[in-house]
Amino acid sequence: MPQYPPLQVAYNQPVMVGKENEYMAQAIAAAKFSGDGPFTHRASELLEQQLGVPKVLLTTSCTHALEMFAFLLDIQPEDEVILPSFTFVSTVNAFVLRGARPVFADIRPDTLNLDEAGLEALITPLTKAIIPVHYAGVGCEMDAILEIAGRHQIAVAEDNAHGLFGKYKGKYLGRFGVLAAQSFHETKNFTCGEGGALLINDPALVDRAEIIREKGTNRSRFFRGQVDKYSWVDVGSSYLPSDILAAFLLAQLEEREKVQSHRRKVWEFYNEHLQDWARTHAVGLPYVPPHCEQAFHMFYLLLPTLDLRQGLIAHLRQRGINSVFHYLPLHLSDMGQRFGGLPGDCPVTERVSDQLLRLPFHNALTEADLWKVVEAIQEYDF
Ligand SMILES: Cc1ncc(COP(=O)(O)O)c(C=O)c1O
């Protein structure tokens, strides 16, 4: 193992941004530790109002919101679900857990989002859903994806783990599919450690979503006084977070303008100061189409080769800076191969997975940190 100096700039560092302590103390004092308490309602309402989503249910993770997709879209064994190979395992596992067969789409080389040009060729009579992932919080080409899905009467649900408050053609990400999933994991713009949300754009799915999230019972209706006892009415699990976590999350969401404006500055700093180095070294930088307002979730570099990418990770680490690669192609993983994945199936995914490096990106980065990162990168010559 190489000897590295102490870390000076972490790739991620979750921090308090507002009234987290105060709200958690209030939740504890109210002796309402379990889910769906006052802070859960406030955080959900904030998201509903800001995004214009009919119903938001906080969940224990984005993974769990994605698992709820599979129930709500009535995914059955042998159904096919189309999703990018370049995504996190939860996007696929949620459906595989219900017996579905994943069909892996390649990504566009510019935004690294599901390539809508290859989508129609993947559709078969067994296709039940399409799951676009808004990588790095930059919107997928939703007009084209919805047009194709609509023509084939296939549901679209968005994995928006990275994209809270991003927009596509002026409309918030998470508003396009029947359902969308958010993540509040500590690596995300807004966090409560582990957490997520299910955004429900189709009001017809709200009742069942509440039941699935409450262990397959109609307890939510009971708490609202709509039934006089609650019982087992459907399949389900326990997907609701503690109100103490919701209190933490609410405090973070209330500071959304401050957080997003800081993250915008971080992104623009990297983008401005790395342009020349990137051009002279044939390194790719993120691309944001003019009709997308990104969520400022991450900044990445695309190095010409895997060796150069690994070299830069080591070069930065020797200078006390932590940078990371991202997704390995799902279709080439052990599980992906069991579903028939082969090298060459998704060439852009395979190439980008070797090239991509994520720079430190979090809510506590200072300008001095950013200079350190940029100067260290500029010293990496090849
Ligand atoms: C695209 C995507 N979907 C889902 C998840 C899972 O999120 P969580 O950790 O909240 O379950 C992640 C995690 O980073 C992700 O990147």
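Our subject is the structure listed above.
Since the structure is predicted, the reported quantities are computational estimates derived from the model, not experimental observations.

Trainee: Residue-level account of the overall build of the chain, with values.
Mentor: The helix and strand tally for the chain stands at 14 helices and twelve strands. By the compact-globule yardstick of 21 Å for 382 residues, the chain fits well, its C-alpha radius of gyration being 21 Å. Split into buried and exposed, the 382 residues of the chain put 56% on the buried side. Once local pairs closer than 6 in sequence are excluded, the contacts in the chain between residues at least 24 apart make up 71%. With the model as given, the accessible surface of the chain reaches about 16200 Å², and the carbon-plus-sulfur share is 54%. Of the charged side chains in the chain, 34 are positive and 46 negative; the average position of the first set lies 5 Å away from that of the second.

Trainee: Run through the environment of Lys19, naming residues and quoting values.
Mentor: On the secondary structure map, Lys19 appears in the segment before α1 (20-29). As for Lys19 and Ser220, which are separated by 201 residues in sequence, their C-alpha atoms are 28 Å apart.

Trainee: A description of the pattern of salt bridges should follow, citing residues and the corresponding values.
Mentor: Going through the model one piece at a time under the given rule, you end up with 18 salt bridges. A salt bridge links Glu210 to Lys55, with the nearest nitrogen and oxygen atoms 4.0 Å apart. A residue pair is termed long-range when its members are at least 10 positions apart, and Glu210 in helix α6 (residues 206-213) and Lys55 in strand β1 (residues 55-59) qualify at 155 residues. Across the pair Arg219 and Glu214 runs a salt bridge whose closest N-O atoms are separated by 3.1 Å. Given a relative accessible area of 2%, Glu214 falls into the buried group.

Trainee: Describe the nonpolar core, naming the residues involved and giving the relevant values.
Mentor: Grouped together as the largest cluster of nonpolar side chains are 34 residues, with contacts concentrated most on Phe69, Ile75, Phe95, Ile131, Leu179, Leu198 and Ile200. For this core, the elements supplying multiple residues, two or more each, are α3 (62-72), β2 (80-84), α4 (89-96), β8 (179-183), β9 (196-200) and α6. For this core, the element with the most residues is α3, which contributes eight residues. The residues touching Leu179, leaving out its near neighbours within four places in the chain, are Phe69, Leu72, Leu73, Val156, Ala157, Glu158, Leu198, Leu199, Ile200 and Leu205. By size, the runner-up hydrophobic cluster in this structure holds 30 residues, among which are Leu46, Leu47, Phe165 and Leu253.

Trainee: I'd like a rundown of the sheet that holds β9, residues and numbers included.
Mentor: Sheet strands pair by backbone hydrogen bonding; their relative direction is either parallel or antiparallel. Across the sheet, which stays open at both edges, the seven strands sit in the order β1-β9-β8-β5-β4-β2-β3 with mixed pairing between neighbours. Each of the sheet's edge strands pairs with one partner strand only, and the pair in question is β1 and β3 (101-105). Between one strand axis and the next, the sheet turns through 25 degrees on average, direction left out of account. Here α6 sits on the sheet in contact with β1 and β9, set at roughly 10 degrees to β1.

Trainee: Explain helix α5 (residues 142-152) to me, and be specific about the residues and the numbers.
Mentor: Structurally, the α-helix is built with 3.6 residues per turn, so residues lying three or four positions apart point the same way. Of the positions making up α5, those classed as buried are Met142, Ile145, Ile148 and Ala149. All buried residues of α5 project into a common sector of 135 degrees when viewed along the axis, lining one side. Against β4 (127-130), β5 (155-159) and β6 (167-168) lie the buried residues of α5. Just downstream of α5, Gln153 is the residue with a positive phi angle, here 55 degrees.

Trainee: Please give an account of the side chain of Gln252 that cites residues and values.
Mentor: Positionally, Gln252 belongs in helix α8 (residues 243-254). Judged by relative accessible area, Gln252 falls into the buried class, the value being 1%. A distance of 3.0 Å separates a polar side-chain atom of Gln252 from the backbone oxygen of Val15. If sequence neighbours within four positions are ignored, Gln252 has contacts with Val15, Met16, Val17, Glu20, Asn189, Phe190 and Thr191.

Trainee: Tell me about the state of the cysteines, residues and numbers included.
Mentor: Scanning the model with the defined rule gives zero disulfides in all. Looking at Cys292, it has no disulfide partner, and the nearest cysteine sulfur is the one in Cys140, 8.7 Å off.

Trainee: Summarise the packing of aromatic side chains; cite the residues concerned and give the values.
Mentor: In this structure the tally under the stated criterion is 16 aromatic pairs. Arranged with centres 6.0 Å apart and planes meeting at 45 degrees, the rings of Tyr135 and Tyr300 form a pair that is tilted. Within this pair, whereas Tyr135 is found in the loop between β4 and α5, its partner Tyr300 is found in strand β11 (residues 300-302), the two being separated by 165 residues in sequence. Note on Tyr135: relative accessible area 1%, which makes it buried. Taking relative accessible area as the criterion, Tyr300 reaches 2% and is therefore assigned buried. An angle of 75 degrees between the planes, with centres 5.5 Å apart, marks the rings of Tyr168 and Phe176 as edge-to-face.

Trainee: Pulling in residues and values, what's your account of the site of the ligand?
Mentor: Near the ligand you find 16 residues, and of these Thr63, Asp159, Ser183, Lys188 and Tyr327 are the closest. The contact in question runs from an oxygen atom of the ligand to an N or O atom on the backbone of Cys62, over 2.9 Å. Thr63 is positioned with one of its side-chain polar atoms (N or O) 2.5 Å from an oxygen atom of the ligand. For the ligand, whose unbound accessible area comes to 390 Å², protein coverage reaches 92%. Counting residues per element, the shell around the ligand draws most heavily on α3, which supplies three residues. Residues that form the shell around the ligand fall into these classes: six nonpolar, eight polar and two charged.

About the criteria used
- Residues numbered from 1 in each chain as written.
- Predicted model: local features only at pLDDT ≥ 70, side-chain atom pairs only at ≥ 80, totals over all residues.
- Heavy atoms only, no water.
- Helix = DSSP H or I, 4+ residues; strand = E, 2+ residues; numbered from the N terminus.
- Rg over C-alpha atoms; globule rule 2.2 N^0.38 Å.
- Buried < 20%, exposed > 50% of the residue type's maximum accessible area, 1.4 Å probe, protein only.
- Contact = heavy atoms within 4.5 Å.
- Areas by Shrake-Rupley, 256 points an atom, 1.4 Å probe, with all protein chains shown as cover.
- Lys, Arg positive; Asp, Glu negative; His and termini not counted.
- Charge placed at Lys NZ, Arg CZ, Asp CG, Glu CD.
- Salt bridge = Lys/Arg side-chain N within 4 Å of Asp/Glu carboxyl O.
- Core = buried A, V, L, I, M, F, W, Y, C linked by side-chain atoms within 4.5 Å.
- Pairing = 2+ DSSP bridges.
- Axes fitted to C-alpha atoms, helices over the stretch in contact; angles between N-to-C directions.
- Arc of directions from axis to C-beta.
- Polar contact = N/O pair within 3.5 Å; in protein donor to acceptor, adjacent residues only side chain to side chain.
- Disulfide = S-S within 2.5 Å.
- Phe/Tyr/Trp six-rings, centres within 6.5 Å; stacked < 30°, edge-to-face > 60°.
- Near = heavy atom within 4 Å.
- Nonpolar A, V, L, I, M, F, W, Y, C, P; charged D, E, K, R; others polar.

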